[in-house]
Amino acid sequence: MKLGIVGLPNVGKSTLFNAITNAGAESANYPFCTIEPNVGVVSVPDPRLDVLAKMYDPDKYTPAIMEFVDIAGLVKGASKGEGLGNKFLSHIREVDAIIHVVRCFESTEIIHVDGEIGPARDIETINLELIFSDIEILERRIDKAQKAAKADKKYLYEVEVLTSLKAHLEEGKTARTFLCEGDDAQAIVADLPLLSGKPVIYAANMSEEDFSGSMENNRYYQEVVRIADAEGSKVLPICARLEEEISDMSKEDKAMFLEELGLHQSGLDRLIQAGYELLGLISFLTAGKQEVRAWTIKKGTKAPQAAGKIHSDFERGFIRAEVIAYDDLIACGSMAAAKEKGLVRSEGKEYVFQDGDVVLFRFNV
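First, a word on scope: everything that follows refers to the structure included in this document. Given the structure is predicted, the values throughout are model-derived calculations rather than measurements.

### Here we look at the sheet that holds strand β6 (residues 200–205)
Here comes step 1: Across the sheet, six strands lie side by side as β2-β4-β1-β5-β6-β7; this open sheet has mixed pairing. Edge positions in the open sheet fall to β2 (38–43) and β7 (234–238), since each of these has one partner strand only. Geometrically, the sheet is characterised by an average inter-axis angle of 25° between neighbouring strands, direction not taken into account.
Here comes step 2: Of the pairings in the sheet, the one linking strand β5 (residues 97–103) to β6 comprises six bridges and is parallel in character. Following the sheet pairing, R103 is matched in β6 by N205.
Here comes step 3: Sheet strands in contact with helix α4 (residues 119–149) are β5 and β6, and its direction is about 145° off that of β5.
Here comes step 4: Contacts from helix α8 (residues 219–231) reach β5, β6 and β7 within the one sheet, and its direction differs from that of β7 by about 160°.

Set out below in structure tokens:
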């Protein structure tokens, strides 16, 4: 899974990226200090893997991973190439979801590109650049469908759906808020590489005082919440400076520091969790002496396709999956004890995987 961190210049994008990945992206008080996107790969925390590792003492321990891409600050006119905009937009195109960092703190030291703090304006600025880029894509696709409709009338419906979507975008609304009626319309829209259709987590970047105090009193944060609620997006309150402070701490010191602030998770853990929820992802687990590992799949994935995440041969030659719920395995203390109690199930091709399933695949190629 790849999450792109976007925002206007000087909102705390690179500070947040540095903190959560320790990748050392340059952070400076001026626009465009990040030209090429920086990519940081982080492990997805999963306490279940730690427990399984104690049970199996494996040779290899492999958590699921998530990629964070720090994309340079967008400005007005990006869709027309302003501020290297086309390059930045192409980087956004490659991610699964967007973390839109919105500045919700006052500071006389850090310059705001528009001179004053305004979350609604900042969000609109970036959304409009994504929308303008999407309209260009739609215009080309509509033209293509209209030409195809001269030979085959079935393309007239595609023209109708795309034209309706274009009108929606021209009102300044994002593609993710466009309501599709019927499976056919949804399939047409899903086939489009639209930037404003990507799911979004708004990271409301606050001062340490507001973040650890009363967020309800931060009017900028409340502004972001209202916008996110209206379009069905997620909001994650965060303090990039605080994340930077704890990024170099040991696991124990970090836990103690967060506890003092009344927090149970770091910003990174909360971002990962929000990313999983936003994209509808779960993890299944494989465990043995050779390796204990977590695998990320979409909710609703059936057994053969889950097997294919490990290797294409597993999917091609799928016979069955021997499955046990993680909680049942831990309660029994071992796989052998679980089998004695009849808790290990043999599942076929129609089985839909559940989060935390511990599985052994049987296949033959």
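### Let's talk about the pattern of salt bridges
Here comes step 1: The final tally for this structure, using the stated rule, is 19 salt bridges.
Here comes step 2: As a salt-bridge pair, K289 and D57 come within 3.8 Å of each other at their nearest N and O atoms. Of this pair, K289 sits in the loop between β8 (281–287) and β9 (291–298) while D57 is found in the loop between α2 (47–56) and β3 (60–62), placing the two residues 232 residues apart along the sequence.
Here comes step 3: Looking at D57, the relative accessible area reads 52%, which means it is exposed.
Here comes step 4: A salt bridge links R316 to D313; its shortest N-O distance comes to 2.7 Å. On the criterion of helical spacing, the pair formed by R316 and D313 is a turn pair, its members being three residues apart in helix α13 (residues 312–316).
Here comes step 5: A relative accessible area of 61% places R316 in the exposed class.

### Notes on the packing of aromatic side chains
Here comes step 1: For the structure shown, the criterion picks out eight aromatic pairs.
Here comes step 2: With a centroid separation of 6.4 Å and 65° between ring planes, the pair formed by F314 and F361 is classed as edge-to-face. Of this pair, F314 sits in helix α13 while F361 sits in strand β12 (residues 357–363), and the two are 47 residues apart along the sequence.
Here comes step 3: By relative accessible area, which is 19% here, F314 ends up buried.
Here comes step 4: Residue class for F361 comes out buried when judged on its relative accessible area of 8%.
Here comes step 5: Centroid distance F353 to F361: 5.9 Å. Interplanar angle 20°. Geometry classified as stacked. We note that F353, like F361, is buried.
Here comes step 6: An aromatic cluster is built from F284, W295, F314, F318, Y351, F353, F361 and F363, whose rings are joined through pairwise contacts.

What counts and how
Residues numbered from 1 in each chain as written. Predicted model: local features only at pLDDT ≥ 70, side-chain atom pairs only at ≥ 80, totals over all residues. Heavy atoms only, no water. Pairing = 2+ DSSP bridges. Helix = DSSP H or I, 4+ residues; strand = E, 2+ residues; numbered from the N terminus. Axes fitted to C-alpha atoms, helices over the stretch in contact; angles between N-to-C directions. Contact = heavy atoms within 4.5 Å. Salt bridge = Lys/Arg side-chain N within 4 Å of Asp/Glu carboxyl O. Buried < 20%, exposed > 50% of the residue type's maximum accessible area, 1.4 Å probe, protein only. Phe/Tyr/Trp six-rings, centres within 6.5 Å; stacked < 30°, edge-to-face > 60°.

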